[in-house]
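Structural features, examined
Each chain, written out:
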There are 2 protein chains.
Amino acid sequence: MKNKGILFVMSGPSGTGKGTICAKLLENKENDVFLSVSSTTREIRKDEIDGVTYNYTTVDKFKNMIDNGEMLEYAVYSGNYYGTPKKAVENILDEGRNVLLEIEPQGALKVKAIFPEAVLMFIVPPSMKELKKRLAERGRETDEQIKERLEAARWEFEQARKYNYIFVNDSLDECVSEIEETMRGKVQAKSLVDKLLTEQYL
Amino acid sequence: MKNKGILFVMSGPSGTGKGTICAKLLENKENDVFLSVSSTTREIRKDEIDGVTYNYTTVDKFKNMIDNGEMLEYAVYSGNYYGTPKKAVENILDEGRNVLLEIEPQGALKVKAIFPEAVLMFIVPPSMKELKKRLAERGRETDEQIKERLEAARWEFEQARKYNYIFVNDSLDECVSEIEETMRGKVQAKSLVDKLLTEQYL
C-alpha cells in the first residue's frame with residue numbers, strides 16, 4: 001500500500017500575495033507538490049483538455065456535488081461555477097503525491113474539518129498599512145471595496161490562530177523559502193512516521 | 001485587554017522522552033512557558049502549598065469536575081485523583097503567559113478540541129527498535145508490558161499526523177533546541193497577528 005501524500009492549504013486575506021506564493025511553490029519541482037484539477041460548468045475552450053485543464057460538467061451535476069458535500073470549495077464567476085472536488089484531491093493524495101490548495105480564509109478551516117491531517121498555512125502582511133497599500137496598488141477594487149477587504153482581514157487574522165503555520169510576506173523570496181523549508185520538514189516527518197508504522201520491531 | 005498566551009501540548013508514545021524534554025523546556029526561562037497547577041484529592045504534605053504545588057480538593061468535587069467537563073485530563077494513582085482543570089490553564093493564558101502541558105496521546109487531541117488554538121507537538125523515537133530499547137532500559141515495565149507499549153505506539157503514531165509538529169528525539173539537546181525554535185516562531189507569529197489586530201489603518 002502506498003503512503004498518502006500531504007494536503008497543504010494556503011490561505012490569507014486578499015492582497016497578502018498568496019496567489020503569487022502558490023505559483024512559486026508549484027513552479028519549483030523540488031517541492032513535489034501539485035494542484036488538483038478543478039471542476040467547472042463553463043464550456044471547454046480550444047486547447048483545453050477535459051480532465052487536465054478542468055473537469056467540465058453541467059450546472060445540475062455541479063449543484064448536486066455541492067448538495068452532497070463533494071465540493072471542498074466553489075465560486076461563481078460570470079455565471080459559471082468553479083470548484084475543487086474532494087475526490088480530485090483524494091485521488092492525488094492516494095497516489096502518494098502532495099497537494100497544494102489556495103483557498104479563501106472562510107473555506108480553509110472547512111477543508112481542515114474534512115481533511116484533519118491537512119497542513120494549513122496562513123500568509124499575513126507585515127502591517128495593516130502595507131496591506132492597504134498593496135490592495136490600492138493592485139487597483140482591482142474601489143476605495144469602498146478596499147475598506148471592506150481591510151475589515152474582512154480583521155476577522156481573518158483572528159482565524160489565523162487556528163492555522164498550523166503563519167508566514168509573514170515581507171520579502172517574497174524569503175517568505176517562499178521559509179514555506180518550502182516548512183513543507184520539506186512536514187514531508188520528512190511524515191516519511192518517518194510512515195516508516196515507524198511499517199517497521200518490524202518484535 | 002491583554003493578549004492571550006499560547007497553549008503548547010507535548011505528547012508522544014511512552015518512552016520517547018517527552019517528560020525529560022518538558023522538564024528542559026520549563027527549566028529554560030527564556031522559553032517563557034509555564035506549567036498549570038494540577039488538582040489532586042490526596043492529602044497535602046508538609047512543605048506543600050495549596051494553589052501552588054497542587055489545588056487540593058475532595059473526591060466528590062473532583063468527580064463533579066470530571067462530570068462537568070472541567071478536567072482537561074486526569075488519572076488515578078494509588079487511589080488518588082490527579083488532573084488538569086481547564087480553568088487553571090485558562091487563567092494563565094488570560095494573563096498572557098504561555099502554558100506547557102504534557103499529555104498522553106489519548107488526551108492530547110481532546111485538548112485541541114477544547115482549545116482549538118493549542119499547538120500540539122508530538123515526539124517520536126528515531127526507530128521502533130530504539131523505542132523498544134529505551135523502554136527496556138527504563139526498566140519500569142515487564143516484557144509483556146513493553147510489548148503492549150509498542151502496540152499502543154502504533155496507534156499513537158497514526159494520531160501523530162493530526163498534530164501540528166512532529167519532532168524526532170534522536171539527540172535530546174538537538175530535539176529541545178528545535179522545539180524551542182518552533183515555540184519562539186509561534187510566539188512571534190502570534191505577536192504579529194495581535195499587532196495586526198490592534199493596528200490603526202484607516
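Here's a quick rundown of the structure. All chains use their own residue numbering, which begins from 1 and follows the written sequence. The order in which chains are written sets their letters, starting at A; the order in which ligands are written sets their numbers, starting at 1. With the structure being a predicted model, the display of local features is reserved for residues of pLDDT at least 70 and the display and counting of side-chain atom pairs for 80 or more, all residues being used for whole-chain, interface and lining totals. Remark: hydrogens and water are excluded; side-chain values derive from all non-hydrogen atoms of the structure.

**Comments concerning the overall build of chain A**
A run of H or I in DSSP becomes a helix once it reaches four residues, and a run of E becomes a strand once it reaches two; helices and strands are each numbered from the N terminus. Broken down by element type, chain A carries seven helices and nine strands. As defined in this context, the radius of gyration uses C-alpha atoms, and a globule is described by 2.2 Å times the residue total to the power 0.38. Relative to a compact globule of 202 residues, whose C-alpha radius of gyration would be 17 Å, chain A shows 18 Å and is just as compact. Note on classification: 1.4 Å probe, protein chains only; a residue is buried when its accessible area is under 20% of the maximum for its type, exposed when over 50%, partly exposed between these limits. Residue burial in chain A is summarised as follows: out of 202 residues, 47% are buried. Residue contacts follow a heavy-atom distance rule, with two residues in contact if any of their heavy atoms lie within 4.5 Å. Restricting the contact set of chain A to residue pairs at least 6 apart, pairs at least 24 apart contribute 66%. Method for areas: the Shrake-Rupley scheme with a 1.4 Å probe, in which residue coverage is limited to the protein chains shown. Surface accessibility of chain A: about 10800 Å² in total, with carbon and sulfur atoms responsible for 48%. Only four residue types enter the charge count, namely Lys and Arg as positive and Asp and Glu as negative; His and the chain termini do not. One atom stands in for each charge, and that atom is NZ of Lys, CZ of Arg, CG of Asp or CD of Glu. The distance from the centre of the 30 positive side-chain charges to the centre of the 34 negative ones in chain A is 2 Å.

**Thoughts on the sheet that holds strand S3 (residues 39–40) of chain B**
Residues and elements named next belong to chain B. Spatially, the four strands line up as an open sheet ordered S4-S3-S6-S5, and their pairing is mixed. Here the strands that pair on one side only, and so sit at the sheet edges, are strand S4 (55–56) and strand S5 (71–77). Alignment of S3 against strand S6 (residues 80–85), held across two bridges, turns out to be antiparallel. Pairing of serine 39 across the sheet is with glycine 83, part of S6. Note on geometry: axes are lines fitted to C-alpha atoms, helical ones only across the stretch in contact, with angles between N-to-C directions running from 0 to 180 degrees. Contacting S3, S5 and S6, helix H2 (residues 59–67) crosses the sheet at an angle of about 45° to S6. Note: two strands are recorded as paired if DSSP finds a minimum of 2 bridges between them.

**Concerning helix H4 (residues 105–114) of chain A**
All names here are of chain A. When we look at burial in H4, the residues that qualify are Pro105, Gly107, Ala108 and Val111. Down the axis of H4, the sector holding all buried residues measures 150°, keeping them to one side. Of the exposed residues in H4, those oriented more than 90 degrees away from the buried face are Lys110 and Ala113. As for H4, its buried residues are in contact with strand S1 (7–11), strand S5 (71–77), strand S8 (119–124) and helix H6 (143–160). It is the directions from the helix axis to the C-beta atoms that the arc portrays.

**Thoughts on the interface of chain B and chain A**
Each side of the interface is counted separately: chain B has 35 residues, and chain A has 36 residues. Two parts placed together each lose some accessible area under a 1.4 Å probe, and the buried area is that loss summed for both. Interface of chain B and chain A: buried area, both sides summed, is about 3400 Å²; carbon and sulfur atoms make up 60% of it. Note on definitions: salt bridges are taken to be side-chain nitrogens of Lys or Arg within 4 Å of carboxyl oxygens of Asp or Glu. At the surface where chain B touches chain A, the tally comes to two salt bridges. When the shortest N-O distance is used, the salt bridge between B:Asp194 and A:Arg161 registers 2.8 Å. Between N or O atoms, a polar contact is any pair within 3.5 Å; within protein, one atom must be a potential hydrogen donor and the other a potential acceptor, and residues adjacent in sequence are included only when both atoms are from side chains. Our enumeration of links across chain B and chain A arrives at ten residue pairs in polar contact (both at pLDDT 80 or more). For the side of chain B that touches chain A, the secondary-structure elements that each account for two or more residues are helix H5 (128–138), helix H6 (143–160), strand S9 (165–168) and helix H7 (172–198) of chain B. Ranked by the residues each element gives to the side of chain B that touches chain A, the list is headed by H7(B), at ten residues. Basically, the charged four are Asp, Glu, Lys and Arg, the nonpolar ten are Ala, Val, Leu, Ile, Met, Phe, Trp, Tyr, Cys and Pro, and anything else, Gly included, counts as polar. Residues belonging to the side of chain B that touches chain A are distributed by class as follows: 18 nonpolar, three polar and 14 charged.

**Quick look at the nonpolar core**
By size, the foremost hydrophobic cluster in this structure holds 35 residues, and its most contacted members are A:Met10, A:Leu100, A:Met121, A:Ile179, B:Met10, B:Met121 and B:Ile179. With residues near it in sequence (within four places) discarded, A:Met10 still touches A:Lys18, A:Ile21, A:Cys22, A:Leu25, A:Leu100, A:Leu101, A:Glu102, A:Ile103, A:Met121, A:Ile123 and A:Ile179. Throughout, nonpolar core names a set of buried Ala, Val, Leu, Ile, Met, Phe, Trp, Tyr and Cys residues whose side chains join them through atoms within 4.5 Å.

**Some points on the relation of the copies chain B and chain A**
In screw terms, the move from chain B to chain A is a rotation of 180° and a rise of 0.0 Å along the axis, fitting with an RMSD of 0.0 Å. The transformation relating the two chain copies, once decomposed into turn and shift, fits a two-fold axis. Ranked by how close their C-alpha atoms come to the rotation axis, the residues of chain B are headed by B:Asn164, at 2.9 Å. Interface residue correspondence from chain B to chain A reaches 100%, placing this contact among same-surface, isologous pairings. Superposing copies: least-squares fit, C-alpha atoms only, residues required to have pLDDT of at least 70 in both.

**Points about the sheet that holds S5(A)**
What links the strands of a sheet is backbone hydrogen bonding, and the strands pair in either a parallel or an antiparallel sense. All names here are of chain A. Within the open sheet, the four strands sit side by side as S4-S3-S6-S5. Their pairing is mixed. With one partner strand each, in any of the chains shown, strand S4 (55–56) and S5 form the two edges of the open sheet. With respect to the sheet, helix H2 (residues 59–67) is in contact with strand S3 (39–40), S5 and strand S6 (80–85), its orientation differing from that of S6 by roughly 45°. Contacts from helix H3 (residues 86–94) reach S5 and S6, with the element oriented near 35° to S6.

**Here's the deal with unusual backbone geometry**
All names here are of chain A. For aspartate 32, which is not a glycine, the phi torsion comes out positive at approximately 55°. For aspartate 32, the location among the structural elements is in the loop between helix H1 (18–27) and strand S2 (33–34). Its relative accessible area of 41% is what places aspartate 32 among the partly exposed residues. One non-glycine residue, aspartate 47, lies in positive phi territory at about 75°.

**Focus on the pattern of salt bridges**
Scanning all chains against the criterion turns up 28 salt bridges over all chains. In this structure, B:Glu141 engages B:Arg138 in a salt bridge whose closest nitrogen and oxygen atoms are separated by 3.0 Å. B:Glu141 sits in the buried class, given a relative accessible area of 13%. Residue B:Arg138 is classed as partly exposed on the basis of its relative accessible area, which comes to 29%. Here the salt bridges share partners, and the residues they tie into one network are A:Glu130, A:Lys133, A:Arg134 and A:Glu137.

**Focus: the packing of aromatic side chains**
Two descriptors summarise a pair of aromatic rings, namely the distance from one centre to the other and the angle between the planes of the rings. Classification of ring pairs uses Phe, Tyr and Trp, with its six-membered ring standing for Trp, and accepts pairs whose centres are within 6.5 Å; under 30 degrees between planes counts as stacked, over 60 as edge-to-face, and the remaining range as tilted. One pass over the full model with this rule turns up 17 aromatic pairs over all chains. Geometrically, a lysine NZ or arginine CZ counts as sitting over a ring once it is within 6 Å of the ring centre and also within 35 degrees of the ring normal. A cation over a ring is seen here: A:Arg97 above A:Phe34, with NZ or CZ 4.0 Å from the ring centre.

Keep in mind that these numbers describe shape and distance, not what the molecule does.
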